Amino acid sequence: MDSLIIEGPSKLSGIVDVSGSKNSALPLLFASILFDEKVTYENIPRLWDIESTLSLLRIMGCETEWDKESGRVSVFPSITQKEAPYEQVKKMRAGILALGPLVAKYGEAKVSLPGGCAIGARPVNYHIEALKKMGVTVEVEEGYIHATVKNKLVGAEIFFPEVTVTGTENLLYVAVMAEGTTLLQNAACEPEVVALGEFLKSCGAKISGLGTQTVTIQGSKLKSPAKPIAIPPDRIEAGTWISISLATRCPLELNHCDSSQMTSVLSAFRKMGAKIEELNQGTILKITPADKYLPLHIETAPYPGFPTDMQAQILTLLCLAEGRSTVVESIFENRFMHVAELQRLGAKIEVNGSIASIEGPIKFQGAPIMATDLRASACLVLAGLISKGTTRVSRIYHLDRGYQRLDEKLRRLGAKITRVAE
Ligand code: EPU
């Protein structure tokens, strides 16, 4: 296990290339199971979650090729084993995305229940209930979901009681291959869901309403994709870089963005006092920090609301704002684990249930801290960059799951950050 040692406060300057989106790449890679021929991807980020996904696909019988420098991945979907074992799914919850494609293409799947995780219980009951409505027999035994199609997959009317991103993605895989029409109400509108739906449409799927809460899918035959699929830019990585620029008070320019997917995040940063210019049709963001920041009230919500995956980063930034801010975490019940670590650096934050009250401005002092989950890791690195003295962030394997070489990118911008083995 590695740690990061950061000497702060950091002075950064330069241009950052934002990588391909993790949460878009994962469902698109699992979609390869639906096809008979090779599927090729471009702009795949170099992350542990991608390693885990490709390793899972190989365990299931696929052949994979990954040119890490160019970001090109090919998957030959020669499935022989319709099982996603616990050993893989426990490393990466998104392994649950094997369920939909296996059921859709082969009529059977055995997928480990992901179990809990640091940010909450994260059950998958909505995925299971939706499959049952579409003609799938599902039994949960010995920690595994056993799904079998006894007759045929049929379209159905599905309502998700809460918006679920991977639940919507699993449903899309199944509905495009089912007989008849599926009407999905309270669908996730996240850009990653839209990217998956658009890809399936490019292969012949009939889907309408993508990006809205009501999605209609008509079952049809899919044809293998004719050309490589490019993974869209990572809106959460871009948002993390904006928080880094604003917190360190160093102007940065971000390349390869899609600002149209970042409206709520950009609006929050602008309300705090940041200047963010959207150039070249929103693919380039020019960030100009302010001397003083205004406090904010933020509530996380499904897209287009403020993303829970940006909560830890903005909460850290709000420690620098003049006055009291509040952050409400509405998606996950335990996503404030980073607060206790930030307190070790001097943050004045009180947590009451799902609400964090932040008193600012404070000056962070370096200390040893520990990463608890992916986005928490990013906020701790951010805090280390603005702390006076040495901050050691341990357990940064969480960070490597979802940020492509964050420490390398930071070093290139001038940060004093080193990776050491624990
Ligand atoms: N939920 C249920 N039952 C279900 C499904 C969801 O109760 O069957 C609840 C969850 O417990 C949670 C809420 O519904 O309280 C929303 O969960 P969702 O299913 O949307 O989360 P997810 O699909 O497991 C994806 C991202 C997460 C991101 C969330 C919310 C991927 C691979 N993961 O998770 O990303 O936080 O949506 O936007 O797309 C991250 O990248 O750091 C990350 C955690």
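Refer to the structure presented above.
An account of the accompanying structure is given in this report. The structure displayed is predicted, hence computed values, not measured ones.

### Points about the site of the ligand
Near the ligand, the surroundings consist of 21 residues, among which Tyr126, Thr164, Thr166, Asp309 and Ile331 are the closest. Between Arg122 and the ligand, the recorded distance is 3.0 Å, taken from a side-chain N or O atom to an oxygen atom. Within the backbone of Tyr126, a nitrogen or oxygen atom sits 2.7 Å from an oxygen atom of the ligand. Surface burial for the ligand is 89%, taken as the share of its 840 Å² of free accessible area covered by protein chains. Elements represented by at least two residues in the shell around the ligand include exactly α1 (22-31), α5 (125-133), α6 (165-177) and α12 (374-386). Of the residues forming the shell around the ligand, the biggest block, three residues, is contributed by α5. Looking at the shell around the ligand residue by residue, the class counts come to nine nonpolar, six polar and six charged.

### Here we look at the pairing of strand β20 (residues 348-352)
Of the pairings in the sheet, the one linking β20 to strand β21 (residues 355-360) comprises five bridges and is antiparallel in character. Residue pairing in the sheet places Ile349 in a bridge with Ile358 of β21. The hairpin turn running from β20 into β21, its antiparallel successor, is two residues long, and Gly353 in that turn takes a positive phi close to 60 degrees.

### Description of the pairing of strand β1 (residues 2-8)
For β1, a buried count of five out of seven residues is recorded, marking the element as mostly surrounded by other parts of the structure. The sheet contact formed by β1 and strand β24 (residues 416-421) spans six bridges and is antiparallel. Counted as the bridge partner of Ser3 is Val420 from β24. By the bridge criterion, five bridges tie β1 to strand β23 (residues 389-394) in an arrangement that is antiparallel. Among the inter-strand pairings, Ile5 is bridged to a residue of β23, identified as Arg392.

Procedures and definitions
Residues numbered from 1 in each chain as written. Predicted model: local features only at pLDDT ≥ 70, side-chain atom pairs only at ≥ 80, totals over all residues. Heavy atoms only, no water. Near = heavy atom within 4 Å. Polar contact = N/O pair within 3.5 Å; in protein donor to acceptor, adjacent residues only side chain to side chain. Areas by Shrake-Rupley, 256 points an atom, 1.4 Å probe, with all protein chains shown as cover. Helix = DSSP H or I, 4+ residues; strand = E, 2+ residues; numbered from the N terminus. Nonpolar A, V, L, I, M, F, W, Y, C, P; charged D, E, K, R; others polar. Pairing = 2+ DSSP bridges. Buried < 20%, exposed > 50% of the residue type's maximum accessible area, 1.4 Å probe, protein only.

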